[in-house]
Each structure stands twice: as structure tokens, then as C-alpha cells.
Amino acid sequence: MRTQASLGTGPLADLSPAESARLMAVMREAALSRGRLPLPARPVIGQSWDRMLRLGLDPERGSAPRLLGIEELERRRQQTRLADVLPTLHSGLLEAAEAAGHIMIITDGDGRVLWIDGHRGVRRHADGIALIEGAHWAEDVAGTSGIGTALAVRAPVRVHSAEHFVRAFHTWSCAAAPVLDPRDGQLLGIVDISGPAASAHPTVLSLVTATARWAEGELRLAHSRELDRLRAVAAPVLARIRGKAVAVDPHGWIAGVTGVTPRDHRLLLPKSAACGPVWLPALGTCAVEPLPGGHLLRVLGSGADETGELYGPEGTGRVVLDVRRPHEWSLTFSGPSGTWTHQLSARHAELLLVLAASPGGRTAAQLADDLFGDPTRTVTVRAAMSRLRRSFGAVLAHRPYRIADQLRVDVRRPDRLQDLLPFSAAPGVARLRCAG
């Protein structure tokens, strides 16, 4: 893990906070004029200042704030995995932030502020510098800062007083650390504590960094549980296969194998692993079948069961959506490698029923109208579809949302159409009840 030296070390360590702030301001002015600095800036700060000078960012106010709309902000909140570790982040940082008269900030991987909490008075001051939910705090907008610079270097950073490139932020101090997705190394976002420079303490960076690592540990544990669930589903399927096959999650992590021993614990998958043949460097040409929470990759030409033979004339498998019972619904997939069944929630039953009735697919706005009678509720629909695709990746396609083209779809309805999902008030379901 890379860390940057705090202000508690080096030539500034023996100065009072006021003296060090004045000296940093002199150093910043020298850097802006490309003059000789009285002391070298910390490398992480000096390099950030150089990036801002090359970018031509206004050193007085930065760029104009770019705020997200309420719907887009809510969509990002619902889709980020950071939402799963909010309790961990709050318990690790919020009490300390409030006690110090600071605020806790959580952004996504683009530097968009998703949540702010902490000292009320400081939050009011933060409003004055556009440090608010929905604001953009990447370096190219806000300059050198805890959030923006931690995003740029993907490492914990403390930015104090005049180390901020933008003069308007010189009364602030911030300590930030990135949170990475343990499944693929993707930068999920930044966790940050910010507040008045006069009351900031260098050790806050250690607290923020430790909390970010704690959150990553929680995400790693959640991923382990997801793989365990996938193994339970994949084991009987793999046992029936005489050739070579691998069960993987949507990120390529291996949950089970038969007839093959991959060198790594993770396979590199194409961006969208849909039903049908794909070529993988580690395995060669594979047929992809859906599993709840992942994919089954059958190596073609490796045995009697791996000839690539399609299940039926219309595609690589068959999906049965069973909604005959009033309060029990399921999705069953049958393919060359066998059959599995997954129980559905009420919302997922509604979505799959509407999609099964729309072979050409539905846009987010159309699904919002189908579910709520309000085509503007696309944020809620996208979040629900994101969760559904996590469970049934290769069963579904998008742009528009639909059941994968290669699959044959059967819907088992109750004898009386009036009894179709009787709990549901969705207009799309109501139309299907009247279709007969």
C-alpha cells in the first residue's frame, strides 16, 4: 500500500500551524510563478500542482461546480458497492469527525460526492465552497485536494491549508483514502475527512486509511459469501458434465471446475458474457450458460457433452418463468449442462414477467411505466435491473433490457389470468391480466 508523508515530518514539522500555513502559501505562490521554492513541496503535492498548471486550472476558484441532478445522484448511490459498507464507514469515521469539528465525505470513482455527514456548522461552511452532495471534486475541477488527488494517485493523501491548489480552500484540511473493489481492483470511490485547517491533526490520515481498508475487507468477505452461494449452485451442474467446464462469477472469479485446472483463480472475461460461444485466452472457445450469480463456461470440443450442441432449435437454453402460485415464483434454466431453479422476489417476478412478454425489449422509461405508471422513474428501474442482472447475468441483455436473444422463454401462468401476480399493482402486469 502506498502512503504519502504527512505534514508531521520534514522541514515543516518544527513550525507552528500558523507558520507552516504561511510558508506553504509562499511555496504555492512560487510554484504558480514557476519560481524557486523556499522548501521543496511534498512530492504528492508538487506533482499535483504541476498537473494543475499544465491543465490551466484557475488557482483562485477552480472550475465552475458541476452538480448532479437528484435522480442521477440517487442512481449512483443505489448502484455503488460503497452503499454496502456505509455502516462500516460511519462507525469508523463519523464519531471522530464530529468530535473534531469535521465532516465525513464519500465520493464515487468519478469524484462525485455521494454522501456528507458530520459537524453541522462545518457543513454550512462546506456549502460555501460547493462541497455538497452531487458536486464534482476531481482534480480537474477542484484542483489539489484530498478527494481529487487521492483519486488521481489511487493512494491515501492529506492536503493541508495552502497545499490546496485553489486559494478558496486554504482554510481547509482534508485526509482521504481510496476504496478499491476487491473483485477487480476498480476504484469505487474516496472516503475523506475534511474540516478547518486550524483544528486538523496529521494522524487523521491513518484513521481514514484504516477505515478504507476495513471497508475493503467487508467487501472481500461479501464477495467470498457470493462465491460460496455460486459454488452451491454450480456443484451439481459441474458433476453432470463429462468434458471441461468452469463456473465463474461475473468478474471471472472461479467457483468450481471439472476436467480442467486453470493456472489462476480468476479468468479474464469479455465485457458482456452472454449466452453463446466466446473465446477465452485461458480455455479457448467456450459456450456460456447462465448460473444464478455467475456463468458456466463449457470448453467446446472437449468431450461428449461439450460439442456446442444447442438446446433446442431456438438457442442455447430454455428459461421457464413460473408465476402460477400467488406468493411463490421461480426462474428455471435448462441447458446442455443441466437445470437449475432460483426463487424470485416480488419485484424480480414483475420485471421478468414484463420482459418475457416483450421479446423486443423495454427501455428504462418503458419499464418504469410498466411498473409504476410513471416513465420518469428510471433511476429505480435501473437499480432493480442492476440487482437482477447480478443474479441472472447471462439470462438478460440490455440496450434495451430483454431476455437474452438465444434463450427460449416459457411462462407458466395461473389458470385464470386474473390471478396473475395478484399482489402486483404494476400497470404492465395489469395489462397482461387483461390480455386473455
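Residues numbered from 1 in each chain as written. Predicted model: local features only at pLDDT ≥ 70, side-chain atom pairs only at ≥ 80, totals over all residues. Heavy atoms only, no water.

1. Section: the pairing of strand β9 (residues 284-291)
Of all eight residues making up β9, seven are buried, and the element is well covered by its neighbours. Taking the residues between adjacent antiparallel strands as the criterion, β9 and strand β10 (residues 294-299) are bridged by two residues, where G293 takes a positive phi near 90°. (Buried < 20%, exposed > 50% of the residue type's maximum accessible area, 1.4 Å probe, protein only. Helix = DSSP H or I, 4+ residues; strand = E, 2+ residues; numbered from the N terminus. Pairing = 2+ DSSP bridges.)

2. Let's talk about the side chain of H136
Inspection of the secondary structure puts H136 in the loop between α5 (120-127) and α6 (139-142). For H136, the side chain forms a polar contact with the main-chain oxygen of D110, separated by 3.0 Å. Look past the residues within four positions of H136 in its chain and what remains in contact with it is R66, D110, G111, R112 and V141. (Polar contact = N/O pair within 3.5 Å; in protein donor to acceptor, adjacent residues only side chain to side chain. Contact = heavy atoms within 4.5 Å.)

3. Describing helix α9 (residues 346-356)
With eight of its 11 residues buried, α9 lies for the most part within the structure. What α9 keeps buried is the set H348, A349, E350, L351, L352, L353, V354 and L355.

4. A short note on helix α10 (residues 364-372)
The set of residues buried in α10 consists of A364, L367, A368, D370 and L371. Buried residues of α10, seen end-on, are gathered within an arc of 160° and therefore sit on one face of the element. In the stretch just after α10, G373 is the one whose phi turns positive, near 70°. (Arc of directions from axis to C-beta.)

5. What about the packing of α9 against helix α11 (residues 378-391)?
Where α9 meets α11, the axes come as close as 11 Å, and the angle between the chain directions of the two elements is 90°. By the angle class used here, α9 and α11 are roughly perpendicular. Between α9 and α11, the residues in contact are R347, H348, L351, L352 and L355 and A384, M385, R387 and L388, respectively. Across the contact of α9 with α11, the residue classes break down as six nonpolar, one polar and two charged. (Axes fitted to C-alpha atoms, helices over the stretch in contact; angles between N-to-C directions. Parallel < 35°, antiparallel > 145°, perpendicular 65-115°, else oblique. Nonpolar A, V, L, I, M, F, W, Y, C, P; charged D, E, K, R; others polar.)

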